[in-house]
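Single-letter residue listing:
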Amino acid sequence: MKSSATTGFASAVFLVLLCGSTIALSFNGNDKTVIDTLAWTSDLSEIYSIIERNQIANTTIHLRSVTVFAPHNEAFLKSTKQDNDDEYLPCYHITNVPMKLEQLGKSVFSELDGNPPMWITKKSPEEIYVNQAKVVYHLANYEHNNTYGKPQVLHVIDQVLQPLRMKRNSPQNVYNPNAWEFMENAEYLDLDSYHTNTFLQRVQDLDKKSVFSNQGGHTFFIPVDEVANYPKVRPEKIDVKVIDAHIVPDNVLFLGPTNEDEQFKTLAFTDMLKVFASLSKAEEGDKTKYYVSSDTVVGDGVHPTGAVVAEIVKANIPVRNGVVHLISRPLMIVDNTVKQFIESYKDREDSVLHRFYEEIMNSGGDFLEKLTGMPNVTLFAPSNAAFNDQSIQSYLTNRTYIRSLLDLHIVSRRLSIDDIVAESIDKVPTEVPRKDLFFNVVTSGKNRTLTLEGGGVNATVVQANLAATNGIIHIIDHVLGIPSSTVDRKLATDPTLNETNYLGQVSSLNDQLGDVQKRFTYFVPRDFAWKRLAIDNPSVYKKLFMPEYSNIARQILERHLIIADKAYTMDDLRKEANNNYNLSVKLPTVRDVSMYIKIKDSAEGYSIEWRNEWIHVHRSDVRCTNGIIHVIDKVLIDDNDIDVNAAIATKSMTALVLVMAQCLVFYYFN
């Protein structure tokens, strides 16, 4: 058996091997130069090797003051190796001024030919990016003089910096171009075989060279000529304002440090036209794809409102006056119908709406023709992830059922999030008779999130306001109309049913609502109904929400709940009322086995009459996996139904009896 001393020594050696380089890089006063630190730190061996093989970089770091941005070995493993790495990478990770993090400005010049910049983004004192790469904060600010007494600084970064490269054997050299020179000389640059001739020609025709030559730091989204499976855009659609929408002035937006969905004003943002740009990403198969959206929030006669999305096909190309992203299509141009928009996902198997397109075609394809015939339409399109939900797979085999559900996803008017907010729209009819969509907009700072409910399913808009010539598309995260939640989960996740859900939790009524062996019909007062009660009878409302009155709250809720061998739709109840010559329907609720209501059906929807008062059914037939919810606008309660004072007296008497019993026990047994 090994001695504890031997084991301790082995552990210490292992820790030194594992952590020693980190400790050395983390403290000032280390006796190694920067180049020796790279040489002796195993996790920085890759950057050391390419610097050593490059004569200019090796000489520079031995003789001059420098700052080195050193990717760790894991960064090199994630980077695609290229034949000319030794030529481009070493000098692009070095600048000839020693700078600690706090001294970094908006950019620093590299030692690569032409001195192309490395762009700095400071999100906080401890979160700093160089181009796309994040500085590993605890491995930064390592200072030491080289053997000639020149001060040097080392910062470790988590990605390999990628400079703009020329094609091999290019007849012309292009050093540190600005965005205009980048487009003008694109044929000589290594752009993964992409071309930008169409956009370049429009920029020249419209005399917009200057906006791509402006000094400073900007972001340029440059459309490539053609990307497979993306619809083409007519070049004449690219006008002066469209070109401006491809530039975000005074912001250098590399993908890594830029917040998803944060909106930035484009050059097309003026008093009369307001266009934002934002970045997003999506997991498609085993790849992460990045996108840019232009969102025209105030349009004009030529440029309609709405968002246009393009895939970023080659990202993070540093240029002298900012960063270039090559994109799959021009922004801002609305040139496709809703049908054509959906069809564009036909051959893009991992794209966000490919499954939606497949389900449409599997159900006959006539849904697309219906969209074509609608001059104004809003489509809520479920994403791939929505259709991949395991809980709905059994429903997808019923093509007739799916076809009927597709109509639940369309509204015969244009509705952007701005429209919904400005007009305070909380409900709109769908193409399914008597089936509405219900909206709720959640605002957090500058961000707004639209949630909706349709056919008993809550969904969130994950990509909003996508523009088409005849409407707007919102991408959502669930398929509407296919129940995937039990009654208790529906209560917990619906933002308009918080009050009933709370009372059900504190009174333990909700405990049974997850039972999938039972069938529940639940007339659920929405939050609006409880607010009405708070106004009409504030003392009753206040005490119902006190934990000590949870037994009374449970009794009230039990009046709203039916447990039977089936769940009842409003149409079921209406038919039963018709069988009784439109008289009352007997509802065997948990509390009142003989509660009677009347049903009224009108253009505004269903209403129920209870105790001589008609109550609107705000949402009917909200389907769950174990029942149906009907959302109503009033709590089924009246003055004779609850006596809070009696409840207090009952609780007090119970407490008094318990105290007296304890006293008797003490008297007889002591």
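Calculation rules
Residues numbered from 1 in each chain as written. Predicted model: local features only at pLDDT ≥ 70, side-chain atom pairs only at ≥ 80, totals over all residues. Heavy atoms only, no water. 1 Å grid on protein atoms, 1.4 Å probe; cavity = no way out; pocket = protein on both sides within 12 Å on 5 of 7 lines; lining within 4 Å. Points joined across faces, edges and corners; volume = space filled by probe spheres on them. Nonpolar A, V, L, I, M, F, W, Y, C, P; charged D, E, K, R; others polar. Axes fitted to C-alpha atoms, helices over the stretch in contact; angles between N-to-C directions. Helix = DSSP H or I, 4+ residues; strand = E, 2+ residues; numbered from the N terminus. Parallel < 35°, antiparallel > 145°, perpendicular 65-115°, else oblique. Left-handed = near helix turned anticlockwise from the far one by under 90°. Contact = heavy atoms within 4.5 Å. Buried < 20%, exposed > 50% of the residue type's maximum accessible area, 1.4 Å probe, protein only. Pairing = 2+ DSSP bridges. UniProt positions renumbered as here; feature names shortened; annotations may be inferred. Salt bridge = Lys/Arg side-chain N within 4 Å of Asp/Glu carboxyl O. Patch = residues over 30% accessible without salt bridge, like charges linked within 9 Å, V, L, I, M, F, W, Y side chains within 5 Å. Areas by Shrake-Rupley, 256 points an atom, 1.4 Å probe, with all protein chains shown as cover. Lys, Arg positive; Asp, Glu negative; His and termini not counted. Charge placed at Lys NZ, Arg CZ, Asp CG, Glu CD. Polar contact = N/O pair within 3.5 Å; in protein donor to acceptor, adjacent residues only side chain to side chain. Phe/Tyr/Trp six-rings, centres within 6.5 Å; stacked < 30°, edge-to-face > 60°. Lys NZ or Arg CZ within 6 Å of the ring centre and 35° of its normal.

As annotated in an unreviewed UniProt entry, the protein carries the name Fasciclin-1 and is attributed to Schizaphis graminum.

Participant: Tell me what's going on with empty space enclosed by the protein, and back it up with residues and numbers.
Facilitator: Summed over all chains, the structure comprises one cavity of 30 Å³ or more. Taken as a whole, the largest cavity spans an internal volume of roughly 50 Å³. As for the largest cavity, its lining consists of Ala-386, Asp-389, Ile-392, Val-457, His-478, Val-479, Ile-482 and Ser-484. For the lining of the largest cavity, the per-class residue count stands at five nonpolar, two polar and one charged.

Participant: Quick rundown of the packing of helix H18 (residues 498-506) against helix H21 (residues 550-558)? Include the residues and the values.
Facilitator: H21 packs onto H18 with a crossing angle of 120° between their chain directions and a minimal axis gap of 9 Å. When the axis of H18 is compared with that of H21, the two are oblique. By crossing handedness, the relation of H18 to H21 is classed as left-handed. Listed contacts from H21 to Thr-500, Leu-503, Gly-504 and Val-506 of H18 are Ser-550, Ala-553 and Leu-557. Among the residues forming the contact of H18 with H21, the class breakdown is four nonpolar, three polar and no charged.

Participant: Summarise the pairing of strand S23 (residues 519-525); cite the residues concerned and give the values.
Facilitator: Of all seven residues that make up S23, six are buried, and the element is covered over most of its length. Looking at chain direction, S23 and strand S24 (residues 561-564) are connected through four bridges and run antiparallel. Bridging from a neighbouring strand, Arg-519 pairs with Ala-564 of S24. When S23 meets strand S29 (residues 627-632), the two strands line up parallel, connected through six bridges. Bridge pairing in S29 links Phe-520 to Gly-627.

Participant: Report on the UniProt feature "domain: FAS1" (unreviewed entry) in the protein, specifying residues and quantitative values.
Facilitator: Taking the UniProt record as the reference, the feature "domain: FAS1" (unreviewed entry) is found at residues 31-161, 183-331, 338-480 and 484-636. In the segment residues 31-161, helix accounts for 30% and strand for 27%; the C-alpha atoms at its two ends are 28 Å apart. In the segment residues 338-480, helix accounts for 28% and strand for 32%; the C-alpha atoms at its two ends are 19 Å apart.

Participant: Can you tell me about the environment of Met-595, naming the residues and giving the values?
Facilitator: As for its placement among the helices and strands, Met-595 is situated in strand S26 (residues 595-602). Met-595 sits in the buried class, given a relative accessible area of 7%. For the pair Met-595 and Arg-611, spaced 16 residues apart in the sequence, the C-alpha separation amounts to 9.8 Å. Discounting chain neighbours no more than four positions away, the residues touching Met-595 are Arg-559, Val-585, Lys-586, Leu-587, Thr-589, Trp-610 and Leu-636.

Participant: Before we move on, can you summarise the pattern of salt bridges with the specific residues and values?
Facilitator: In the structure shown here, the tally under the stated rule is 34 salt bridges. Here Asp-571 ties to Lys-575 by a salt bridge, and the two come within 3.3 Å at their closest N and O atoms. You can see Asp-571 and its partner Lys-575 sitting in helix H22 (residues 570-579), four residues apart, about one turn around the helix. Accessibility expressed as a relative area gives 24% for Asp-571, which makes it partly exposed. Taken together, the salt bridges that share partners define one network made up of Asp-366, Lys-370, Arg-403, Asp-407 and Glu-431.

Participant: Describe a negative patch on the surface, listing the residues and the values that go with them.
Facilitator: Where like charges cluster on the molecular surface, the negative patch consists of Asp-286, Asp-347, Glu-349 and Asp-350. Residue Glu-349 is classed as exposed on the basis of its relative accessible area of 60%.

Participant: Let's hear about the side chain of His-325: which residues, and what values?
Facilitator: Here His-325 lies in strand S15 (residues 322-327). Polar side-chain contacts of His-325 include one of 3.1 Å to the backbone nitrogen of Asn-316. Non-local contacts of His-325, meaning those with residues more than four positions away in its chain, are made with Thr-219, Phe-220, Phe-221, Ile-222, Leu-253, Phe-254, Leu-255, Ile-312, Lys-314, Ala-315 and Asn-316.

Participant: Lay out the packing of aromatic side chains in plain terms, naming residues and giving numbers.
Facilitator: Per the counting criterion, the structure on display carries 11 aromatic pairs. Residues Phe-199 and Phe-212 carry aromatic rings whose centres are separated by 6.1 Å and whose planes lie at 85° to one another, so their mutual orientation is edge-to-face. With Phe-199 in helix H8 (residues 197-205) and Phe-212 in helix H9 (residues 209-213), this residue pair connects regions lying 13 residues apart in the sequence. An identical accessibility class is assigned to Phe-199 and Phe-212; each is buried. Centre to centre, the rings of Tyr-395 and Tyr-401 are 5.9 Å apart; their planes meet at 35°, and the pair counts as tilted. Overall, Tyr-395 belongs to the partly exposed group, its relative accessible area being 28%. One cation-aromatic arrangement involves Arg-434 over Tyr-606; the distance from NZ or CZ to the ring centre is 5.1 Å.

Participant: Quick one: what's the story with unusual backbone geometry, residue by residue and with numbers?
Facilitator: Notably, Asn-169 is not glycine yet its phi reads approximately 60°, a positive angle. For Asn-176, which is not glycine, the phi dihedral falls at a positive 50°. For Asn-176, the location among the structural elements is in the loop between strand S8 (151-157) and helix H7 (179-184). Among the residues examined, Asn-176 registers a relative accessible area of 11% and is labelled buried.

Participant: Tell me what's going on with the pairing of strand S22 (residues 471-476), and back it up with residues and numbers.
Facilitator: The element S22 is largely enclosed, with a buried count of six among its six residues. Where burial is concerned, the two faces of S22 agree: the one with Gly-471, Ile-473 and Ile-475 and the one with Ile-472, His-474 and Ile-476 are both buried. Relative to S22, strand S16 (residues 377-382) runs parallel, the two sharing six bridges. Residue Phe-380 lies in a different strand from S22, and its bridge partner there is His-474.

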